[in-house]
Amino acid sequence: QVQLVESGGGLVQAGESLRLSCTASGSIYRVNSMVWYRQAPGKQRELVAAFMPGGRIHYADSAKGRFTISRENAKNTWYLQMNSLKPEDTAVYSCNVNDLLPGNVGRSYWGDGTLVTVGT
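These lines cover the structure that appears in this document, whether it is placed above or below. (Residues numbered from 1 in each chain as written. Predicted model: local features only at pLDDT ≥ 70, side-chain atom pairs only at ≥ 80, totals over all residues. Heavy atoms only, no water.)

Taken in spatial order, the 4 strands make up an open sheet running 1-3-8-7, and their pairing is antiparallel. Each edge of the sheet is formed by a strand with only one pairing partner; in this case those strands are strand 1 (3–7) and strand 7 (67–72). If you compare each strand with its neighbour and ignore which way they point, the axes differ by 15° on average. Judged from the 6 bridges that link them, strand 7 and strand 8 (residues 77–82) form a sheet pairing that is antiparallel. The residue bridging Phe-67 from the neighbouring strand is Met-82, located in strand 8. (Pairing = 2+ DSSP bridges. Helix = DSSP H or I, 4+ residues; strand = E, 2+ residues; numbered from the N terminus. Axes fitted to C-alpha atoms, helices over the stretch in contact; angles between N-to-C directions.)

As a further point, take the side chain of Asn-96. When you line up the elements, Asn-96 lands in strand 9 (residues 91–101). A distance of 2.8 Å separates the side chain of Asn-96 from the side chain of Ser-108, its partner in a polar contact. Discounting chain neighbours no more than four positions away, the residues touching Asn-96 are Leu-4, Ser-33, Met-34, Val-35, Tyr-37, Ser-108, Tyr-109 and Trp-110. (Polar contact = N/O pair within 3.5 Å; in protein donor to acceptor, adjacent residues only side chain to side chain. Contact = heavy atoms within 4.5 Å.)

The structure is reproduced here in C-alpha cells:
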C-alpha cells in the first residue's frame, strides 16, 4: 500500500518562500505522473505544478516563474519550491501520484495535504 505524506507548510509573510515535500512510502511500480494541487477555502482544487507523462513539466500560470517542482528519486520524494509567495497562494497543498502497473493498470495515490498560509 502506497502512502503519500506532505510536509513543509506553514505561515509565512508575503514575499517569503516555502518548500513543500511529498514522500511516498510503499512500492510504486512506475510513476506516470506526479501533481501538486491546491485548494483554497471556498474554491475548487486546482493544479499547481506537475511532472506529466513522458517527463514534461507543467505549471499553472499562477505558479510560473515563482514555483519549481523537483524530485529526488532515491528518496521517493517530490518537492515544490515556492518563492515570492502571495496571500492568494494560501491553500491546502496536496500531492497526487499516478502509478502505472503492468497491463496498463492505473492507480492513483493522494496525500492528506499541508496548509500554506501567506500573510500580507
